[in-house]
Amino acid sequence: MSDVVATPPAVPTVKGGAPATSSGGDGFEGGIEGSALGDRIYAGVIWVFAICVPVLLALIALSIFLAGWPALHRFGLSFLTSSAWDPVNGKFGAAPAIYGTLVSSAIALLVATPLAIGVSVFLSEFAPPWLRQPVAFFVDLLAAIPSVVYGVWGIFVLIPLLRTALIPFLRDTLHLSVIPLFSGPNYGYSMLAAGLILAIMVLPYIASVSREVLLAVPRSQREAALALGATKWEMIRGALLPYAKSGIIGGIILGLGRALGETMAVTMVIGNRPEISASLFAPAYTMASVIANEFSEASGDLHLSALMAVGFVLFVITIIVNAIARWLVWEVSRTGSKG
Amino acid sequence: MSEPLRPSTAQKQFTAKAVQSLRRRKAVNGVMVGLIVAAAVLATIPLIVITGYLIKFGAGSVQWHFFTNMPKPEGEAGGGMANAIVGTVILIALASLFGLPIGVGAGLYLAEHRGTKLANTVRFLCDVLNGLPSIVMGIFAWQFLVRPVHHFSAWAGGVALGAMMIPMVARTTEEMVSIVPVSLREAALALGYARWRTSLTIVLRTASAGIVTGALVAIARIAGETAPLLFTVLGNSFFSTSLNQPIAALPLQIFYYGTSPYEDQHAQAWAGGLVLIVLIFVISLIARYATRGQFTGGGGD
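Just so you know, these numbers come straight off a predicted model, no measurement behind them.

Scanning chain B for helices and strands turns up 13 helices and 0 strands. Listing the helices and strands of chain B from first to last along the sequence gives α-α-α-α-α-α-α-α-α-α-α-α-α. Computed over its C-alpha atoms, the radius of gyration of chain B comes to 28 Å, more than 25% above the 19 Å expected for a compact globule of 301 residues. The principal-axis extents of the C-alpha atoms in chain B amount to approximately 105 × 70 × 40 Å.

If you tally the helices and strands in chain A, you get 12 helices and 2 strands. A buried classification covers 47% of the 339 residues belonging to chain A.

In this structure, V53(A), A193(A), I197(A), L203(A), V269(A) and A106(B) are the most contacted members of the largest nonpolar core, which totals 201 residues. Considering each element in turn, this core owes the most residues, 18 residues, to helix α7 (residues 191-215) of chain A. Beyond its immediate chain neighbours, meaning those up to four positions away, A193(A) contacts G154(A), L158(A), I159(A), L162(A), G188(A), V269(A) and I270(A).

Our focus in this paragraph is the interface of chain A and chain B. When the parts of a complex come together, some accessible area is lost, and that lost area is often used as the size of the interface. Every contact between the two is made by 80 residues of chain A and, on the other side, 82 residues of chain B. Here the side of chain A that touches chain B takes 20 residues from helix α2 (residues 28-75) of chain A, the largest share from any one element. Of the residues that constitute the side of chain A that touches chain B, the class distribution is 60 nonpolar, 16 polar and 4 charged.

This brings us to helix α6 (residues 154-178) of chain B. All names here are of chain B. Taking 1.5 Å as the rise per residue, α6 with 25 residues should run 36 Å; its terminal C-alpha atoms sit 35 Å apart, in good agreement. Maximum bend of α6: about 30°, positioned at M165, with proline P167 one to four residues after it. Buried residues dominate α6, accounting for 23 of its 25 residues.

Residues and elements named next belong to chain A. It is at 11 Å that the axes of helix α6 (residues 147-173) and α7 come closest, and there the two elements cross at 130°. As far as their axial angle goes, α7 and α6 are oblique. The handedness of the crossing between α6 and α7 comes out as right-handed. Contacts from Y150, G154, L158, I159 and L162 in α6 reach L192, A193, L196, I197 and M201 in α7. In the contact of α6 with α7, the residues fall into 9 nonpolar, 1 polar and no charged.

Looking now at the environment of I179(A). Residues and elements named next belong to chain A. Mapped onto the secondary structure, I179 falls in the loop between α6 and α7. Given 13 C-beta atoms within 10 Å, I179 falls into the partly exposed group. On a C-alpha basis, the gap between I179 and F49 in space is 55 Å, while along the polypeptide they are 130 residues apart.

Residues and elements named next belong to chain B. Taken as a whole, chain B shows an average pLDDT of 88; of its residues, 94% reach a score of 70 or greater. Note that pLDDT drops below 50 for residues 295-301; the model gives that stretch 3 contacts with residues more than four away or on any other chain. As a predicted assembly, this complex carries a pTM of 0.86 together with an ipTM value of 0.87.

All names here are of chain A. It is at 8 Å that the axes of helix α5 (residues 129-141) and α7 come closest, and there the two elements cross at 140°. The angle between α5 and α7 falls in the class oblique. Packed against α5, whose contacting residues are A136, V139 and D140, the element α7 presents L203, P204, A207, S208 and R211 at the interface. Of the residues in the contact of α5 with α7, the class split is 5 nonpolar, 1 polar and 2 charged.

Let us look at helix α8 (residues 195-206) of chain B. Taking 1.5 Å of rise per residue, 12 residues should cover 16 Å, and α8(B) covers 15 Å from first to last C-alpha, within 8% of that figure. Burial in α8(B) covers these residues: R195(B), W196(B), R197(B), T198(B), S199(B), V203(B) and T206(B).

One rule of thumb: low pLDDT means the predicted coordinates there are not for detailed reading. Across chain A, the average pLDDT comes to 86, with 87% of residues at 70 or higher. Here residues 1-30 of chain A is a poorly scored stretch, pLDDT under 50, and it has 29 contacts once near neighbours within four places are set aside; other chains count.

Residue and element names in this part refer to chain B. With respect to the helices and strands, the residue W142 is situated in helix α5 (residues 134-146). For the pair W142 and F152, spaced 10 residues apart in sequence, the C-alpha separation works out to 8.1 Å. Ignoring any residue separated from it by four or fewer positions in sequence, one finds W142 in contact with R147, A156, F231 and T232.

Before going further, it helps to spend a moment on the environment of I247(B). All names here are of chain B. Here I247 is to be found in the loop between α10 (227-232) and α11 (250-258). I247 gets classed as buried once you count the C-beta atoms within 10 Å, which come to 32. It is 9.1 Å that separates the C-alpha atoms of I247 and I90, two residues lying 157 residues apart in sequence. If we ignore the near neighbours within four places in the chain, the residues touching I247 are G87, I90, A154, G157, V233, N236 and S240.

All names here are of chain A. Within the chain, H175 stands out as a residue other than glycine whose phi angle is a positive 55°. The phi dihedral of N272 is positive, around 50°, even though this residue is not glycine. Looking at the element boundaries, N272 is found in the loop between α10 (264-269) and α11 (287-294).

Cut-offs applied
- Residues numbered from 1 in each chain as written.
- Chains lettered and ligands numbered in written order.
- Predicted model: local features only at pLDDT ≥ 70, side-chain atom pairs only at ≥ 80, totals over all residues.
- Helix = DSSP H or I, 4+ residues; strand = E, 2+ residues; numbered from the N terminus.
- Rg over C-alpha atoms; globule rule 2.2 N^0.38 Å.
- Buried ≥ 20, exposed ≤ 12 C-beta atoms within 10 Å, placed from the backbone.
- Core = buried A, V, L, I, M, F, W, Y, C linked by C-beta atoms within 7 Å.
- Contact = placed C-beta atoms within 7 Å.
- Nonpolar A, V, L, I, M, F, W, Y, C, P; charged D, E, K, R; others polar.
- Expected span 1.5 Å × (residues − 1).
- Bend = angle between axes of the 7 residues up to and from the residue.
- Axes fitted to C-alpha atoms, helices over the stretch in contact; angles between N-to-C directions.
- Parallel < 35°, antiparallel > 145°, perpendicular 65-115°, else oblique.
- Left-handed = near helix turned anticlockwise from the far one by under 90°.
- pLDDT = per-residue confidence, 0-100.

As structure tokens, this is what we get:
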């Protein structure tokens, strides 16, 4: 089908006795010459638009690199490993922010993945047709809520809930405080709050990819498992999920990409403290939140440059993560359509 | 006369075991199905809870003056977000002006040059761009449009948001253009239409409903973006429509109010959130409606 589109039909160069021209009112000769010229202009214009995309990405990379260069140059590799973030004395290390980004994203994926896979399996295997649309719509709409609205909700609803109920429950009622992860003072504003809000935010991304992948699993796979006497769960575990595995992993990595770069909601609930703490109840920082939080009050050029250098690290990490996710999803859809 | 067949003890044991294992497997099945249903219920709860709170805390402040009044100073009740709402509309317009033509053009290229190296590269880069954190777009616009001129501006915000729209619009345009039946294209070409006229007047027009949907979805996604605006438009507590000056925006105002210590401003933040969500949901609904019947009524005229 697409080769008709790809190979241009020969521009008609017939002279005399030619088939009818378009009824568009062009003169015969002029129409043909005009169309050849028009085709060239058209092809050139859309080529320029297409080239805008790589150029844009290159400009983005360049801008962040330029803005972060003074700090990257000054601190070198120690910028990644140092945990000193001290604007007053001009010492900057991104380790706390990198740590916070990784941990908060990990919490988000740990919470969101089972829910996302659960709801996708429910939609593809159990839900009656009338329920499918609304449930899928409800989950997908989560992606439409702006980050800043999640932030407001987090500040006024989630944080008080954590402070008064969830953290005391985990720490004291369940006595989890023996583990450093669940010990320490309870501020509400914490890594845990950021992780939970991120979990809600990445849920729709993982769920929609998993749903598509599960729906693409051939009926024969399910029927074969059921015909062998498998229960529904054994069919899901033995036939459905293995078949859809790499697609689901692609969806999870896509969700990871979202979680890594999420800014506003995290800035509003994580407490913004540049320390690496073992406790999930302690305030922390992420790469995106350190930039958003300190940008407007950056003291001096080095501080500003250090923030941009953090942005550069974030840029590189998300590019890698997204490239892996896309590659996985593409790989699945390609082998899926062949097999 | 043979005796009726009776199971041996070994057979009996085997059946007993099988029954036992079946019972266990069925129990596991029941538990897991229960967990799956529970996950589905849990996954639908956040949307209900969040919109519920928005209505509970925000609806009271969404009155006529919210849309017409300017923000009041800290501590004073009432006031509105007229400047922020106008600012957001201006920013969306700027972003569309910048992002839509490039996005649609790039999408056309992707659809018409399928399989070429450049098209594959551009498609991949679109997906990479789409996954970039929005804060990165803010830094980009700040470095090139704010830093050199030493002041924040609506322009810079429009460019940052427009840059976010490009990959989304390009990909939906590509998809919509490539599902236009080839026969339509062939018919136009057979009638002597030039390729460029076929593409612009026949193919693009047939795909227009889908492209509009894609554009609306992109607009819905950038309308609530806050992070890029921190670096570009900054916010403004006064009424400004100048594109060369800092400008107010609804998401920014929500952020400033939500993190402020004043009760009145918290109420305003909730109200702003409610207005923003309603705006985004309405745009999304229009987008859904626009594609409906695309291939039943669209090809008729």
